Amino acid sequence: MPAITVDDVTTLDRVRDAAPDRQRPVRSVTSAPQGFEGEGFPVRRAFAGIDMSLLDPFIHMDQMGEVEYAPGEPKGTPWHPHRGFETVTYLMDGTFEHQDSNGGGGLITNGDTQWMTAGGGILHIEKPPEELVTSGGLFHGIQLWVNLPREQKLVAPRYQDLRGESVGLLASADAGALVRVIAGDVAGHQGPGSTYTPMTMLHATVSPGASLSIPWEPQFNALAYVLSGDGYAGAERRPVGTGQLVVFGSASSAASGGGGDAITLAAADGQDSRHPALEVLLLGGRPIREPVAWGGPFVMNTKLEVLQAFEDFQAGRLGTIPAQRA
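Each chain has its residues counted from 1, running along the sequence as written. Two thresholds apply to this predicted model, a pLDDT of at least 70 for residue-level local features and 80 or more for giving and counting side-chain atom pairs, whereas whole-chain, interface and lining totals are computed over all residues. With hydrogens and water set aside, each side-chain value is computed from the structure's full complement of heavy atoms.

Student: Tell me about the overall build of the chain, residues and numbers included.
Tutor: Counting secondary structure elements, the chain contains three helices and 27 strands. Relative to a compact globule of 326 residues, whose C-alpha radius of gyration would be 20 Å, the chain shows 19 Å and is just as compact. Each of the three principal axes of the chain carries a C-alpha extent, and together these read 55 × 45 × 35 Å. Each of the 326 residues in the chain was classed as buried or not, and the buried ones make up 56%. Residue contacts are defined here by distance: any two heavy atoms, one from each residue, within 4.5 Å place the two residues in contact. For the chain, restricting intrachain contacts to residue pairs at least 6 apart in sequence, the fraction spanning at least 24 positions comes to 74%. Accessible area of the chain: about 13,400 Å², with a carbon and sulfur share of 50%. We treat Lys and Arg as the positive residues and Asp and Glu as the negative residues; His and chain ends play no part in the count. Positions of charges follow a simple convention, taking NZ of Lys, CZ of Arg, CG of Asp or CD of Glu. Of the side-chain charges in the chain, 23 are positive and 37 negative, and the distance between the mean point of each set is 6 Å. Secondary structure is summarised from DSSP: a helix means a run of H or I of at least four residues, a strand means a run of E of at least two, and numbering begins at the N terminus for each. For the radius of gyration, the atoms used are the C-alpha atoms, and the globule rule reads 2.2 Å times the number of residues raised to 0.38. Burial classes: relative accessible area under 20% of the type maximum marks a residue as buried, over 50% as exposed, and values in between as partly exposed (1.4 Å probe, protein chains only). Exposure was quantified through the Shrake-Rupley algorithm and a 1.4 Å probe, taking into account, for residues, occlusion by the shown protein chains and nothing else.

Listed below in structure tokens is the structure:
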């Protein structure tokens, strides 16, 4: 997993361990079912079976891969529409192309992120480049859907191309964990992603036997998804492994009543040879607390708004597919 890293973690700024009485408790641990998306690439549905009120402001997340493609096997998605939310594609291994009807797009590879605000409506396509289709190779990433509040559902579409080298890099107190800040603020360190919805997105690599205690905004929810490896969540050390989602309790339900403004993860002493560390995606955001009407590629507040989105798409009002470059 070559997502952005450093040769010497000890040279990075450290995240100070939070006080033991400020830890959020683990509310649940669930396993993501596996399926297929787009033209047939394998995914794990990270949020399946979780009450959406616990995910708010997040709607949906797929772990794409980890898969070793043979030549000719890599697949993507066809052109399709979105409205009312943002898609965030973070790639750890492999290469992916994006193109949209608003003129955004580009190539992302190890450690890069594409942040697309669909807003009032957009068409886009995501696919592996021809050279990856020809050669095959390792592919691993995530796509996250972030909801937009009612007053921003129809904002103008925009595209952010976040290079891996632009993410904020931090180390845990004992330098046993590397933390990549993609969006939001951690201990005064800001990630490059610009968000409509206040949120934090981190990718942490925790070495065997090490632990990570991260300060957390009390108004945010807190989710941890295990990309690979084995470890423990919370001060209570709930066992977790690849493809599992941890939902932490809210500030008001913190076991000690001390504010619930820190979350803790630890890596098991033994990891398998393919995944030598615990790799975790950490997410938190301020809940929007508005009605959600979700219909296929559209996330709105009412069923009527979803039906209008389908009508607008069919009438060509969400954009047009650009002419293919020669």
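Student: Lay out the packing of aromatic side chains with the relevant residues and their values.
Tutor: Here the distance between the centres and the angle between the planes together describe a pair of aromatic rings. In this analysis, rings of Phe, Tyr and Trp, with Trp reduced to its six-membered ring, are considered paired at centre separations within 6.5 Å, and the interplanar angle assigns stacked below 30 degrees, edge-to-face beyond 60, and tilted for intermediate values. Tallied over the full model, the rule gives four aromatic pairs. Between Phe-298 and Phe-310, the ring centres sit 4.8 Å apart and the planes meet at 85 degrees, which makes this aromatic pair edge-to-face. Of this pair, Phe-298 sits in strand E27 (residues 298-300) while Phe-310 sits in helix H3 (residues 303-314), and the two are twelve residues apart along the sequence. Aromatic ring contacts, followed pair by pair, group Phe-85, Trp-145 and Trp-294 into a single cluster. When the ring centre of Tyr-232 is taken as reference, the NZ or CZ atom of Arg-237 above it lies at 4.1 Å. Only lysine NZ and arginine CZ atoms are considered, and such an atom sits over a ring when it is within 6 Å of the ring centre and within 35 degrees of the ring normal.

Student: Tell me about the sheet that holds strand E21 (residues 230-233), residues and numbers included.
Tutor: Each strand in a sheet pairs with another by means of backbone hydrogen bonds, the pair being arranged parallel or else antiparallel. Spatial strand order, E19-E24-E21-E22: four strands in an open sheet with antiparallel pairing. Each of the sheet's edge strands pairs with one partner strand only, and the pair in question is strand E19 (211-215) and strand E22 (238-241). For this sheet the average axis-to-axis angle between neighbouring strands, irrespective of direction, equals 25 degrees. For two strands to be treated as a pair, DSSP must find no fewer than two bridges joining them. Across four bridges, E21 lies against E22 in antiparallel orientation. Bridging across to E22, Gly-231 finds its partner in Val-240. Axis definition: a line fitted to C-alpha atoms, limited for helices to the stretch in contact. Angles are taken between N-to-C directions and run from 0 to 180 degrees.

Student: Could you give an account of the pattern of salt bridges, naming the residues involved and the relevant values?
Tutor: Side chains that differ in sign of charge can pair as their charged atoms come close. The working definition used for a salt bridge is a side-chain nitrogen of Lys or Arg within 4 Å of a carboxyl oxygen of Asp or Glu. Tallying each qualifying case throughout the model produces seven salt bridges. Of the charged contacts, one joins Arg-274 and Glu-66 as a salt bridge, the two residues approaching to 3.8 Å between their closest N and O atoms. Taken together, the residues span a long stretch of sequence, with Arg-274 in the loop between strand E24 (262-267) and strand E25 (278-285) and Glu-66 in strand E5 (residues 58-69) at a distance of 208 residues. Residue Arg-274 is classed as exposed on the basis of its relative accessible area, which comes to 51%. Where Arg-317 meets Asp-312, a salt bridge forms, and the shortest distance between an N and an O atom there is 2.8 Å. Overall, Asp-312 belongs to the buried group, its relative accessible area being 9%. Taken together, the shared-partner salt bridges connect Arg-83, Glu-311, Asp-312 and Arg-317 into one network.

Student: Tell me what's going on with the sheet that holds strand E2 (residues 26-31), and back it up with residues and numbers.
Tutor: In space, the eight strands of this open sheet follow the order E1-E14-E15-E18-E25-E20-E23-E2, with mixed pairing throughout. A strand with exactly one partner marks an edge of an open sheet, and here the two such strands are strand E1 (14-15) and E2. Inspection of the sheet shows strand E14 (residues 168-172) paired to strand E15 (residues 177-183) by four bridges, in the antiparallel sense. Within E15, the position partnered with Ala-171 by the bridge is Leu-178.

Student: Explain the pairing of strand E9 (residues 105-108) to me, using residue names and the numbers behind them.
Tutor: Pairing of strand E8 (residues 96-100) with E9, which is carried by four bridges, proceeds in the antiparallel orientation. Each residue of the ladder has a partner; that of Phe-96, found in E9, is Ile-108. Connecting E8 to the next strand, E9, in antiparallel fashion are four residues, including Gly-103 with a positive phi near 95 degrees.

Student: I'd love a proper account of a nonpolar patch on the surface, names of residues and values included.
Tutor: Note that patches include only residues with greater than 30% relative accessible area and no salt bridge, and the join distances are 9 Å for like charges and 5 Å for nonpolar side chains (Val, Leu, Ile, Met, Phe, Trp, Tyr). A surface patch of nonpolar side chains, about 250 Å² in accessible area, is lined by Met-52, Val-292 and Trp-294. When you line up the elements, Met-52 lands in helix H1 (residues 52-55). Among the residues examined, Met-52 registers a relative accessible area of 34% and is labelled partly exposed.

Student: Which residues make up unusual backbone geometry, and what are the values?
Tutor: For the bond running from Asp-56 to Pro-57, omega is 20 degrees, close enough to zero to count as cis. Tracing the chain through its elements places Pro-57 in the loop between H1 and E5. Within the chain, Ala-187 stands out as a residue other than glycine whose phi angle is a positive 50 degrees. By the secondary structure assignment, Ala-187 is in the loop between strand E16 (185-186) and strand E17 (189-190). The class for Ala-187 is partly exposed, based on a relative accessible area of 45%. Unlike most non-glycine residues, Arg-289 shows phi in positive territory, near 60 degrees. By secondary structure assignment, the location of Arg-289 is in the loop between E25 and strand E26 (293-295).

Student: Describe in detail the pairing of strand E4 (residues 41-45), supporting the description with residues and values.
Tutor: Pairing of strand E3 (residues 34-37) with E4, which is carried by four bridges, proceeds in the antiparallel orientation. In the sheet register, Gln-34 faces E4, and the bridge partner there is Arg-44. Bridging between E4 and E5 involves three bridges; their strand directions are antiparallel. Its bridge partner being in E5, Arg-44 is matched across the sheet by Gln-63.

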